[in-house]
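# A structural walkthrough
Below, each chain spelled out in residue letters.
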Amino acid sequence: MSIRYLFLSVIIFSFFTMACEKKVETPNVLWIYVDDMSDWVGCYGDNTVATPNIDALASDGIRFNRAYMPAPVCSATRSALITGTMQTTYGLHHHETLAKKPIPKEITTVPELFRKAGYLTFNEAKTHYNFSYKTDDLFSPEFERPSSTIVKSHLVGHDLTWLKQLRGKKFFGQIQLSGGKYQGEAGNKYPAPSRIKESEVTVPAQYPNNSVMRNAIARHYEQIVFCDSQVGSIIQALKEYDIWDNTAVFFFTDHGCQMPRAKQHIYDEGAKVPFIVHWPKGNKQLLNKGKVRDDLVSGIDISASSLALAGIEIPEFMEGSNLFANNYKERDFVVTARDRMGIAIDRVRAVRSENYLYVKNYMLDRPLYQPAYRDGYATFISLRKMHDEGKLTPLQASYHEASQRKGEELYHIKDDPNQLNNLAGDSKYASELIKHRKGLEDWIKETDDKGQYPLDKEDLIQVYERAKGKVYNPEYKFIKK
(Lines give C-alpha, C1' and ligand atoms only; values in the text may rest on other atoms or scores of the structure.)
Protein backbone atom coordinates (compact mmCIF):
# COMPACT_ATOMS: atom_id res chain seq x y z
CA MET A 1 0.00 0.00 0.00
CA SER A 2 1.45 3.32 -1.04
CA ILE A 3 1.90 6.12 1.45
CA ARG A 4 -0.38 8.27 -0.68
CA TYR A 5 -3.15 5.64 -0.59
CA LEU A 6 -2.73 5.16 3.16
CA PHE A 7 -2.94 8.92 3.76
CA LEU A 8 -6.09 9.16 1.66
CA SER A 9 -7.66 6.26 3.55
CA VAL A 10 -7.01 7.96 6.89
CA ILE A 11 -8.65 11.16 5.66
CA ILE A 12 -11.73 9.30 4.34
CA PHE A 13 -12.05 7.32 7.59
CA SER A 14 -11.80 10.51 9.66
CA PHE A 15 -14.56 12.21 7.70
CA PHE A 16 -16.72 9.08 7.96
CA THR A 17 -16.20 8.94 11.72
CA MET A 18 -17.12 12.60 12.12
CA ALA A 19 -20.23 12.16 10.01
CA CYS A 20 -21.38 9.14 12.00
CA GLU A 21 -20.66 10.71 15.37
CA LYS A 22 -23.96 11.63 16.98
CA LYS A 23 -24.09 15.26 17.94
CA VAL A 24 -25.54 16.09 21.34
CA GLU A 25 -28.70 18.08 20.74
CA THR A 26 -29.52 21.29 22.50
CA PRO A 27 -31.75 20.33 25.41
CA ASN A 28 -35.18 21.15 26.63
CA VAL A 29 -34.90 23.34 29.73
CA LEU A 30 -37.02 22.79 32.81
CA TRP A 31 -36.92 25.02 35.87
CA ILE A 32 -38.09 23.32 39.05
CA TYR A 33 -38.79 26.54 40.88
CA VAL A 34 -39.44 26.18 44.62
CA ASP A 35 -40.96 28.74 46.95
CA ASP A 36 -39.48 29.75 50.30
CA MET A 37 -37.07 26.85 50.86
CA SER A 38 -33.63 26.76 52.43
CA ASP A 39 -30.80 24.40 51.47
CA TRP A 40 -31.40 22.04 54.41
CA VAL A 41 -31.01 18.95 52.24
CA GLY A 42 -28.67 15.98 52.23
CA CYS A 43 -26.47 16.97 49.30
CA TYR A 44 -25.75 20.26 51.08
CA GLY A 45 -24.63 18.44 54.21
CA ASP A 46 -27.85 18.49 56.24
CA ASN A 47 -29.00 14.95 56.95
CA THR A 48 -31.81 15.81 59.37
CA VAL A 49 -34.33 14.45 56.84
CA ALA A 50 -33.91 12.21 53.79
CA THR A 51 -33.99 14.00 50.42
CA PRO A 52 -33.08 11.20 47.98
CA ASN A 53 -34.52 12.78 44.84
CA ILE A 54 -32.88 16.18 45.21
CA ASP A 55 -29.66 14.43 46.18
CA ALA A 56 -29.86 12.26 43.04
CA LEU A 57 -30.03 15.35 40.85
CA ALA A 58 -26.88 16.63 42.54
CA SER A 59 -24.98 13.32 42.42
CA ASP A 60 -25.45 13.05 38.64
CA GLY A 61 -25.30 16.77 37.91
CA ILE A 62 -23.68 19.89 39.30
CA ARG A 63 -24.24 21.32 42.76
CA PHE A 64 -23.54 25.00 43.30
CA ASN A 65 -22.60 25.68 46.90
CA ARG A 66 -22.70 29.48 46.75
CA ALA A 67 -25.81 30.54 44.86
CA TYR A 68 -27.57 33.73 46.00
CA MET A 69 -30.80 35.22 44.77
CA PRO A 70 -31.04 38.88 43.66
CA ALA A 71 -33.64 39.50 46.39
CA PRO A 72 -34.77 37.60 49.49
CA VAL A 73 -38.41 37.73 48.39
CA CYS A 74 -40.34 36.13 45.54
CA SER A 75 -41.68 38.90 43.27
CA ALA A 76 -38.39 40.78 43.03
CA THR A 77 -36.41 37.58 42.48
CA ARG A 78 -38.87 36.25 39.90
CA SER A 79 -38.80 39.57 38.05
CA ALA A 80 -35.00 39.38 37.94
CA LEU A 81 -34.79 35.79 36.73
CA ILE A 82 -37.43 36.11 34.01
CA THR A 83 -35.52 39.07 32.54
CA GLY A 84 -31.97 37.94 33.33
CA THR A 85 -31.27 41.31 34.94
CA MET A 86 -31.09 42.62 38.47
CA GLN A 87 -34.53 43.83 39.50
CA THR A 88 -32.94 47.11 40.58
CA THR A 89 -31.74 47.95 37.07
CA TYR A 90 -35.21 48.34 35.56
CA GLY A 91 -37.30 49.37 38.55
CA LEU A 92 -38.69 45.91 39.40
CA HIS A 93 -37.30 45.89 42.94
CA HIS A 94 -40.28 46.60 45.21
CA HIS A 95 -42.00 43.45 46.43
CA GLU A 96 -45.52 43.13 45.04
CA THR A 97 -45.54 46.24 42.92
CA LEU A 98 -49.22 47.12 42.49
CA ALA A 99 -48.97 49.97 39.99
CA LYS A 100 -47.45 47.63 37.43
CA LYS A 101 -46.01 48.94 34.20
CA PRO A 102 -44.61 47.14 31.13
CA ILE A 103 -40.91 46.42 31.12
CA PRO A 104 -38.78 48.60 28.81
CA LYS A 105 -38.96 47.77 25.11
CA GLU A 106 -35.31 46.74 24.99
CA ILE A 107 -36.03 43.87 27.41
CA THR A 108 -37.22 40.50 26.15
CA THR A 109 -38.12 37.92 28.80
CA VAL A 110 -36.53 34.47 28.90
CA PRO A 111 -39.65 32.57 27.72
CA GLU A 112 -40.13 35.02 24.84
CA LEU A 113 -36.55 34.36 23.72
CA PHE A 114 -37.19 30.61 23.84
CA ARG A 115 -40.40 31.02 21.83
CA LYS A 116 -38.56 33.01 19.16
CA ALA A 117 -36.11 30.10 18.93
CA GLY A 118 -38.96 27.66 18.26
CA TYR A 119 -39.45 26.31 21.76
CA LEU A 120 -42.83 25.69 23.36
CA THR A 121 -42.98 27.52 26.70
CA PHE A 122 -45.09 27.04 29.80
CA ASN A 123 -45.20 27.96 33.47
CA GLU A 124 -47.25 25.95 35.94
CA ALA A 125 -48.24 28.13 37.47
CA LYS A 126 -46.84 30.94 39.64
CA THR A 127 -45.48 34.06 37.96
CA HIS A 128 -45.64 37.00 40.43
CA TYR A 129 -43.71 39.53 38.33
CA ASN A 130 -43.49 43.21 39.18
CA PHE A 131 -44.45 44.29 35.68
CA SER A 132 -47.46 43.97 33.41
CA TYR A 133 -47.42 41.45 30.55
CA LYS A 134 -49.62 39.38 28.24
CA THR A 135 -49.59 35.71 29.15
CA ASP A 136 -49.67 34.59 25.51
CA ASP A 137 -46.54 36.62 24.80
CA LEU A 138 -44.53 34.68 27.36
CA PHE A 139 -46.15 31.25 27.36
CA SER A 140 -47.32 29.21 24.38
CA PRO A 141 -51.11 29.31 24.04
CA GLU A 142 -51.05 25.87 22.37
CA PHE A 143 -49.80 24.32 25.60
CA GLU A 144 -52.74 22.51 27.21
CA ARG A 145 -52.77 23.61 30.81
CA PRO A 146 -53.58 21.00 33.43
CA SER A 147 -56.76 21.33 35.44
CA SER A 148 -56.85 23.64 38.44
CA THR A 149 -57.13 20.63 40.75
CA ILE A 150 -53.63 19.59 39.68
CA VAL A 151 -51.90 22.96 39.43
CA LYS A 152 -52.99 26.12 41.21
CA SER A 153 -50.30 28.61 42.15
CA HIS A 154 -47.97 25.64 42.68
CA LEU A 155 -48.06 21.99 41.71
CA VAL A 156 -50.60 20.24 43.95
CA GLY A 157 -49.68 16.67 44.85
CA HIS A 158 -47.77 14.56 42.37
CA ASP A 159 -49.89 14.32 39.20
CA LEU A 160 -47.60 15.01 36.22
CA THR A 161 -49.64 13.26 33.50
CA TRP A 162 -49.97 16.59 31.69
CA LEU A 163 -46.27 16.43 30.84
CA LYS A 164 -47.05 13.73 28.26
CA GLN A 165 -47.94 16.43 25.72
CA LEU A 166 -44.29 17.53 25.68
CA ARG A 167 -43.04 14.27 24.21
CA GLY A 168 -41.12 14.96 21.02
CA LYS A 169 -41.26 18.74 21.46
CA LYS A 170 -38.62 21.27 22.33
CA PHE A 171 -39.67 23.21 25.39
CA PHE A 172 -38.73 25.66 28.09
CA GLY A 173 -40.94 25.15 31.12
CA GLN A 174 -41.32 25.98 34.77
CA ILE A 175 -42.92 23.78 37.41
CA GLN A 176 -43.61 25.65 40.62
CA LEU A 177 -43.39 23.74 43.92
CA SER A 178 -44.82 25.03 47.18
CA GLY A 179 -41.68 24.28 49.21
CA GLY A 180 -41.91 26.36 52.38
CA LYS A 181 -45.52 27.24 51.65
CA TYR A 182 -46.72 23.63 51.83
CA GLN A 183 -49.74 23.57 54.17
CA GLY A 184 -48.98 27.10 55.35
CA GLU A 185 -45.72 28.94 55.84
CA ALA A 186 -43.37 27.63 58.50
CA GLY A 187 -43.76 29.61 61.71
CA ASN A 188 -47.26 30.76 60.81
CA LYS A 189 -49.03 28.51 63.28
CA TYR A 190 -47.98 26.83 66.49
CA PRO A 191 -47.87 23.96 66.90
CA ALA A 192 -47.56 22.84 63.29
CA PRO A 193 -47.37 19.14 62.35
CA SER A 194 -43.99 17.62 61.58
CA ARG A 195 -42.52 14.13 61.70
CA ILE A 196 -39.33 15.77 62.94
CA LYS A 197 -39.13 16.04 66.71
CA GLU A 198 -38.41 19.49 68.07
CA SER A 199 -35.56 18.00 70.09
CA GLU A 200 -33.84 16.98 66.84
CA VAL A 201 -33.42 20.49 65.45
CA THR A 202 -30.79 23.13 66.16
CA VAL A 203 -31.81 26.74 66.75
CA PRO A 204 -29.17 29.29 65.63
CA ALA A 205 -28.27 32.09 68.01
CA GLN A 206 -30.22 34.77 66.14
CA TYR A 207 -33.38 33.17 67.57
CA PRO A 208 -34.42 32.22 71.10
CA ASN A 209 -34.27 28.49 71.69
CA ASN A 210 -37.93 27.98 72.55
CA SER A 211 -40.62 25.56 71.41
CA VAL A 212 -42.10 27.99 68.88
CA MET A 213 -38.81 28.40 67.02
CA ARG A 214 -37.98 24.70 67.24
CA ASN A 215 -41.40 23.82 65.86
CA ALA A 216 -41.03 26.28 62.97
CA ILE A 217 -37.68 24.76 62.03
CA ALA A 218 -39.06 21.22 62.33
CA ARG A 219 -42.02 22.20 60.18
CA HIS A 220 -39.71 23.45 57.43
CA TYR A 221 -37.95 20.10 57.36
CA GLU A 222 -41.36 18.50 56.87
CA GLN A 223 -41.96 20.81 53.91
CA ILE A 224 -38.60 19.85 52.43
CA VAL A 225 -39.51 16.15 52.61
CA PHE A 226 -42.74 16.82 50.69
CA CYS A 227 -40.87 18.90 48.11
CA ASP A 228 -38.38 16.09 47.60
CA SER A 229 -41.21 13.64 46.91
CA GLN A 230 -42.57 16.00 44.25
CA VAL A 231 -39.14 16.23 42.64
CA GLY A 232 -39.13 12.43 42.48
CA SER A 233 -42.48 12.45 40.68
CA ILE A 234 -41.21 15.00 38.14
CA ILE A 235 -38.15 12.87 37.40
CA GLN A 236 -40.32 9.75 37.03
CA ALA A 237 -42.70 11.52 34.63
CA LEU A 238 -39.85 12.88 32.50
CA LYS A 239 -38.49 9.36 32.16
CA GLU A 240 -41.90 7.79 31.50
CA TYR A 241 -42.66 10.22 28.68
CA ASP A 242 -39.17 9.93 27.11
CA ILE A 243 -38.28 13.51 27.98
CA TRP A 244 -35.62 12.92 30.62
CA ASP A 245 -32.55 12.19 28.51
CA ASN A 246 -32.54 15.51 26.73
CA THR A 247 -33.91 17.84 29.38
CA ALA A 248 -31.65 20.11 31.39
CA VAL A 249 -33.22 20.39 34.84
CA PHE A 250 -32.48 23.49 36.90
CA PHE A 251 -33.54 23.01 40.53
CA PHE A 252 -33.50 26.09 42.75
CA THR A 253 -35.57 28.10 45.21
CA ASP A 254 -36.58 31.76 45.08
CA HIS A 255 -35.16 32.49 48.56
CA GLY A 256 -34.82 30.94 52.00
CA CYS A 257 -37.49 29.77 54.44
CA GLN A 258 -39.84 31.96 56.49
CA MET A 259 -37.87 32.12 59.70
CA PRO A 260 -37.99 35.75 60.96
CA ARG A 261 -34.51 36.79 59.80
CA ALA A 262 -34.58 34.66 56.63
CA LYS A 263 -37.31 35.49 54.11
CA GLN A 264 -37.26 39.19 53.20
CA HIS A 265 -33.77 39.68 54.67
CA ILE A 266 -30.40 39.61 52.96
CA TYR A 267 -28.44 37.37 55.33
CA ASP A 268 -27.48 33.93 54.04
CA GLU A 269 -30.58 32.30 55.52
CA GLY A 270 -32.68 34.60 53.34
CA ALA A 271 -30.67 34.88 50.11
CA LYS A 272 -28.58 31.69 49.85
CA VAL A 273 -30.38 28.90 48.00
CA PRO A 274 -29.87 25.34 46.78
CA PHE A 275 -29.06 25.29 43.08
CA ILE A 276 -28.51 22.12 41.04
CA VAL A 277 -28.27 21.55 37.28
CA HIS A 278 -28.73 18.09 35.74
CA TRP A 279 -28.74 17.01 32.09
CA PRO A 280 -28.02 13.32 31.30
CA LYS A 281 -26.85 13.83 27.71
CA GLY A 282 -25.04 17.04 28.46
CA ASN A 283 -22.90 15.97 31.39
CA LYS A 284 -19.62 16.56 29.54
CA GLN A 285 -20.68 20.06 28.60
CA LEU A 286 -21.96 20.82 32.09
CA LEU A 287 -19.11 19.24 33.99
CA ASN A 288 -16.31 21.10 32.23
CA LYS A 289 -16.17 23.42 35.25
CA GLY A 290 -16.54 20.74 37.91
CA LYS A 291 -19.18 18.59 39.61
CA VAL A 292 -19.33 20.67 42.79
CA ARG A 293 -18.72 24.36 42.41
CA ASP A 294 -17.89 26.94 45.05
CA ASP A 295 -17.77 30.01 42.80
CA LEU A 296 -20.19 32.85 43.48
CA VAL A 297 -23.44 32.54 41.54
CA SER A 298 -26.29 35.03 41.15
CA GLY A 299 -29.81 33.91 40.38
CA ILE A 300 -29.69 35.84 37.11
CA ASP A 301 -26.95 33.44 35.95
CA ILE A 302 -29.68 30.78 35.79
CA SER A 303 -31.41 32.80 33.07
CA ALA A 304 -28.32 33.28 30.92
CA SER A 305 -27.14 29.68 31.36
CA SER A 306 -30.54 28.31 30.35
CA LEU A 307 -30.48 30.25 27.09
CA ALA A 308 -26.90 29.26 26.35
CA LEU A 309 -27.53 25.54 26.85
CA ALA A 310 -30.35 25.80 24.32
CA GLY A 311 -28.04 27.48 21.82
CA ILE A 312 -29.80 30.84 22.14
CA GLU A 313 -27.65 33.95 22.08
CA ILE A 314 -27.64 35.83 25.37
CA PRO A 315 -28.90 39.39 24.75
CA GLU A 316 -26.62 42.30 25.62
CA PHE A 317 -29.09 43.71 28.15
CA MET A 318 -28.84 40.60 30.32
CA GLU A 319 -26.58 40.92 33.35
CA GLY A 320 -26.33 37.20 34.07
CA SER A 321 -23.46 34.97 32.91
CA ASN A 322 -23.37 31.56 31.23
CA LEU A 323 -22.00 29.36 34.00
CA PHE A 324 -20.92 26.69 31.52
CA ALA A 325 -19.10 28.85 28.96
CA ASN A 326 -15.52 27.94 28.11
CA ASN A 327 -14.55 31.55 28.74
CA TYR A 328 -16.63 31.85 31.92
CA LYS A 329 -15.10 34.25 34.41
CA GLU A 330 -15.96 33.73 38.06
CA ARG A 331 -17.68 36.61 39.82
CA ASP A 332 -15.75 38.69 42.33
CA PHE A 333 -18.99 39.41 44.16
CA VAL A 334 -22.76 39.06 43.99
CA VAL A 335 -25.35 41.60 45.10
CA THR A 336 -28.63 41.02 46.90
CA ALA A 337 -31.13 43.86 47.29
CA ARG A 338 -33.97 44.45 49.74
CA ASP A 339 -36.45 47.24 49.08
CA ARG A 340 -40.14 47.69 49.92
CA MET A 341 -41.51 44.41 51.26
CA GLY A 342 -45.29 44.63 51.09
CA ILE A 343 -46.14 47.60 53.30
CA ALA A 344 -42.72 47.78 54.98
CA ILE A 345 -40.37 50.22 53.24
CA ASP A 346 -36.64 49.67 53.51
CA ARG A 347 -33.49 49.79 51.44
CA VAL A 348 -30.66 47.35 52.08
CA ARG A 349 -27.86 46.20 49.78
CA ALA A 350 -25.59 43.23 50.37
CA VAL A 351 -22.31 42.39 48.67
CA ARG A 352 -20.88 38.88 48.95
CA SER A 353 -17.27 38.17 48.07
CA GLU A 354 -15.23 35.01 48.53
CA ASN A 355 -14.97 35.44 52.30
CA TYR A 356 -17.22 38.29 53.37
CA LEU A 357 -20.75 39.59 53.46
CA TYR A 358 -21.03 43.38 53.45
CA VAL A 359 -24.38 44.97 54.28
CA LYS A 360 -25.40 48.59 53.76
CA ASN A 361 -28.53 49.75 55.61
CA TYR A 362 -29.84 53.03 54.23
CA MET A 363 -32.87 53.62 56.48
CA LEU A 364 -31.72 53.73 60.09
CA ASP A 365 -34.93 55.30 61.42
CA ARG A 366 -36.69 51.90 61.40
CA PRO A 367 -35.82 48.51 62.88
CA LEU A 368 -34.93 45.40 60.90
CA TYR A 369 -38.17 43.75 62.05
CA GLN A 370 -40.73 46.28 60.89
CA PRO A 371 -44.44 45.75 61.48
CA ALA A 372 -45.58 43.79 58.42
CA TYR A 373 -47.78 40.93 57.26
CA ARG A 374 -45.97 38.32 59.35
CA ASP A 375 -46.79 40.04 62.63
CA GLY A 376 -49.57 37.50 63.12
CA TYR A 377 -47.23 34.54 62.75
CA ALA A 378 -46.51 32.50 65.86
CA THR A 379 -42.78 33.13 65.51
CA PHE A 380 -43.17 36.92 65.48
CA ILE A 381 -45.76 36.92 68.26
CA SER A 382 -43.30 34.96 70.37
CA LEU A 383 -40.40 37.26 69.52
CA ARG A 384 -42.27 40.48 70.25
CA LYS A 385 -43.59 39.12 73.53
CA MET A 386 -40.10 38.08 74.63
CA HIS A 387 -38.73 41.46 73.54
CA ASP A 388 -41.32 43.32 75.60
CA GLU A 389 -40.46 41.10 78.57
CA GLY A 390 -36.71 41.66 78.15
CA LYS A 391 -36.03 37.97 77.53
CA LEU A 392 -34.08 38.26 74.28
CA THR A 393 -30.32 38.40 73.98
CA PRO A 394 -28.86 41.79 72.97
CA LEU A 395 -28.40 40.51 69.40
CA GLN A 396 -31.96 39.17 69.16
CA ALA A 397 -33.37 42.36 70.67
CA SER A 398 -31.41 44.57 68.26
CA TYR A 399 -33.57 43.43 65.33
CA HIS A 400 -36.58 45.11 67.00
CA GLU A 401 -34.90 48.45 67.74
CA ALA A 402 -34.07 51.18 65.22
CA SER A 403 -31.51 52.63 67.63
CA GLN A 404 -29.49 49.43 67.38
CA ARG A 405 -29.42 49.25 63.61
CA LYS A 406 -26.02 49.92 62.05
CA GLY A 407 -25.35 51.65 58.76
CA GLU A 408 -22.78 49.04 57.78
CA GLU A 409 -22.27 45.40 58.64
CA LEU A 410 -19.41 43.09 57.73
CA TYR A 411 -19.27 39.36 58.40
CA HIS A 412 -16.70 36.67 57.74
CA ILE A 413 -18.84 34.04 56.06
CA LYS A 414 -16.73 30.97 56.82
CA ASP A 415 -15.98 31.85 60.43
CA ASP A 416 -19.46 33.21 61.08
CA PRO A 417 -21.96 31.32 58.83
CA ASN A 418 -25.02 32.77 60.60
CA GLN A 419 -23.69 36.34 60.41
CA LEU A 420 -23.82 37.14 64.12
CA ASN A 421 -20.57 39.07 64.71
CA ASN A 422 -20.48 42.43 62.93
CA LEU A 423 -16.86 43.28 62.09
CA ALA A 424 -17.57 46.70 60.57
CA GLY A 425 -16.29 48.51 63.66
CA ASP A 426 -13.13 46.42 64.01
CA SER A 427 -10.05 48.25 62.73
CA LYS A 428 -8.47 44.94 61.69
CA TYR A 429 -11.04 44.67 58.93
CA ALA A 430 -10.95 48.31 57.79
CA SER A 431 -9.42 47.45 54.41
CA GLU A 432 -12.10 44.84 53.71
CA LEU A 433 -14.81 47.29 54.72
CA ILE A 434 -13.44 49.94 52.36
CA LYS A 435 -13.08 47.45 49.49
CA HIS A 436 -16.64 46.13 49.81
CA ARG A 437 -18.09 49.60 50.31
CA LYS A 438 -16.43 50.77 47.11
CA GLY A 439 -17.57 47.64 45.29
CA LEU A 440 -21.17 48.43 46.19
CA GLU A 441 -20.84 52.11 45.29
CA ASP A 442 -19.39 51.20 41.89
CA TRP A 443 -22.15 48.67 41.25
CA ILE A 444 -24.88 51.20 42.13
CA LYS A 445 -23.37 53.70 39.71
CA GLU A 446 -22.71 51.22 36.91
CA THR A 447 -26.18 49.64 37.01
CA ASP A 448 -28.05 52.83 37.97
CA ASP A 449 -29.65 51.03 40.90
CA LYS A 450 -33.22 52.36 40.93
CA GLY A 451 -33.48 51.92 44.68
CA GLN A 452 -31.61 55.22 45.10
CA TYR A 453 -34.53 57.21 43.67
CA PRO A 454 -37.82 58.28 45.31
CA LEU A 455 -40.59 55.71 45.49
CA ASP A 456 -43.38 55.72 42.92
CA LYS A 457 -46.30 57.61 44.49
CA GLU A 458 -48.94 55.78 42.48
CA ASP A 459 -47.63 52.47 43.78
CA LEU A 460 -47.51 53.74 47.37
CA ILE A 461 -51.13 54.87 47.13
CA GLN A 462 -52.21 51.42 45.97
CA VAL A 463 -50.20 49.72 48.73
CA TYR A 464 -51.77 52.06 51.26
CA GLU A 465 -55.27 51.33 50.02
CA ARG A 466 -54.77 47.58 49.99
CA ALA A 467 -53.38 47.74 53.52
CA LYS A 468 -56.45 49.79 54.50
CA GLY A 469 -54.25 52.50 55.92
CA LYS A 470 -52.42 50.17 58.31
CA VAL A 471 -48.97 51.40 57.35
CA TYR A 472 -46.17 52.77 59.51
CA ASN A 473 -43.46 54.33 57.37
CA PRO A 474 -43.28 58.14 56.93
CA GLU A 475 -43.16 57.72 53.14
CA TYR A 476 -46.95 57.24 53.17
CA LYS A 477 -47.66 60.59 54.87
CA PHE A 478 -48.33 62.44 51.61
CA ILE A 479 -51.48 60.35 51.10
CA LYS A 480 -54.67 62.19 52.08
CA LYS A 481 -56.65 60.09 54.52
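### Details of the overall build of the protein chain
Summing up its helical and strand segments, the protein chain has 13 helices and twelve strands in all. What you see for the protein chain is a C-alpha radius of gyration of 24 Å, in line with the 23 Å of a compact globule of 481 residues. Counting only C-alpha atoms, the protein chain reaches 95 × 50 × 45 Å along its principal axes. Relative to its full complement of 481 residues, the protein chain shows a buried share of 58%. Restricting to contacts in the protein chain with at least 6 residues of sequence separation, those with at least 24 account for 74%. Accessible surface, the protein chain as shown: approximately 21200 Å² in total, 52% of it carbon and sulfur. Put simply, the protein chain has 63 plus and 60 minus side-chain charges, and the middle of one group is 2 Å from the middle of the other.

### Some thoughts on the packing of aromatic side chains
Under the criterion given, the structure shown has 24 aromatic pairs. Grouping aromatic residues by their ring pairs yields a cluster made of Trp-31, Tyr-33, Phe-64, Phe-114, Tyr-119, Phe-172, Phe-250, Phe-252, Phe-275 and Phe-324. When the ring centre of Tyr-44 is taken as origin, the NZ or CZ atom of Arg-63, which lies over that ring, is 5.6 Å away. One cation-aromatic arrangement involves Arg-78 over Tyr-33; the distance from NZ or CZ to the ring centre is 4.1 Å.

### Digging into the pattern of salt bridges
Under the defined criterion, the tally for this structure stands at 34 salt bridges. With a closest N to O distance of 3.4 Å, Arg-338 and Asp-346 form a salt bridge. Taken together, the salt bridges that share partners define one network made up of Asp-35, Asp-36, Arg-78, Lys-126, Lys-181, Glu-185, Asp-254 and Lys-263.

### A look at helix α12 (residues 430-447)
Taking 1.5 Å per residue, 18 residues should reach 26 Å; α12 reaches 26 Å between its end C-alpha atoms and fits that length. Along α12, the positions that sit buried rather than exposed are Glu-432, Leu-433, His-436, Gly-439, Leu-440, Trp-443, Ile-444 and Thr-447. Mapping the buried residues of α12 onto a view down its axis gives an arc of 130°, with all of them on the same face. In α12, the exposed positions angled more than 90 degrees off the buried face are occupied by Ser-431, Lys-435, Lys-445 and Glu-446. Where α12 ends, the next residue or the one after it, Asp-448, has phi of about 55°, a positive value.

### Some words on the environment of Phe-380
Looking at the secondary structure, you find Phe-380 in helix α10 (residues 378-388). Residue Phe-380 is classed as buried on the basis of its relative accessible area of 4%. Apart from residues lying up to four places away in sequence, Phe-380 is in contact with Pro-260, Tyr-369, Arg-374 and Asp-375.

### A few points about the nonpolar core
One finds Phe-122, Trp-162, Leu-163, Ile-175 and Phe-251 to be the most contacted residues of the largest nonpolar core, which totals 69 residues. Ranked by residue count, the leading element in this core is helix α6 (residues 211-240), at 13 residues. Listed in part, the 55 residues of the second largest apolar core include Val-29, Trp-279, Ala-325 and Leu-433.

### A look at the sheet that holds strand β9 (residues 334-338)
Strand order in the open sheet made by the four strands is β9-β10-β11-β12, with antiparallel pairing throughout. With partners counted over all chains shown, the strands left at the sheet margins are β9 and β12 (408-412), one partner each. If you compare each strand with its neighbour and ignore which way they point, the axes differ by 15° on average. Note: strand β11 (residues 356-361) against β12, five bridges, orientation antiparallel.

Conventions used here
Residues numbered from 1 in each chain as written. Predicted model: local features only at pLDDT ≥ 70, side-chain atom pairs only at ≥ 80, totals over all residues. Heavy atoms only, no water. Helix = DSSP H or I, 4+ residues; strand = E, 2+ residues; numbered from the N terminus. Rg over C-alpha atoms; globule rule 2.2 N^0.38 Å. Buried < 20%, exposed > 50% of the residue type's maximum accessible area, 1.4 Å probe, protein only. Contact = heavy atoms within 4.5 Å. Areas by Shrake-Rupley, 256 points an atom, 1.4 Å probe, with all protein chains shown as cover. Lys, Arg positive; Asp, Glu negative; His and termini not counted. Charge placed at Lys NZ, Arg CZ, Asp CG, Glu CD. Phe/Tyr/Trp six-rings, centres within 6.5 Å; stacked < 30°, edge-to-face > 60°. Lys NZ or Arg CZ within 6 Å of the ring centre and 35° of its normal. Salt bridge = Lys/Arg side-chain N within 4 Å of Asp/Glu carboxyl O. Expected span 1.5 Å × (residues − 1). Arc of directions from axis to C-beta. Core = buried A, V, L, I, M, F, W, Y, C linked by side-chain atoms within 4.5 Å. Pairing = 2+ DSSP bridges. Axes fitted to C-alpha atoms, helices over the stretch in contact; angles between N-to-C directions.

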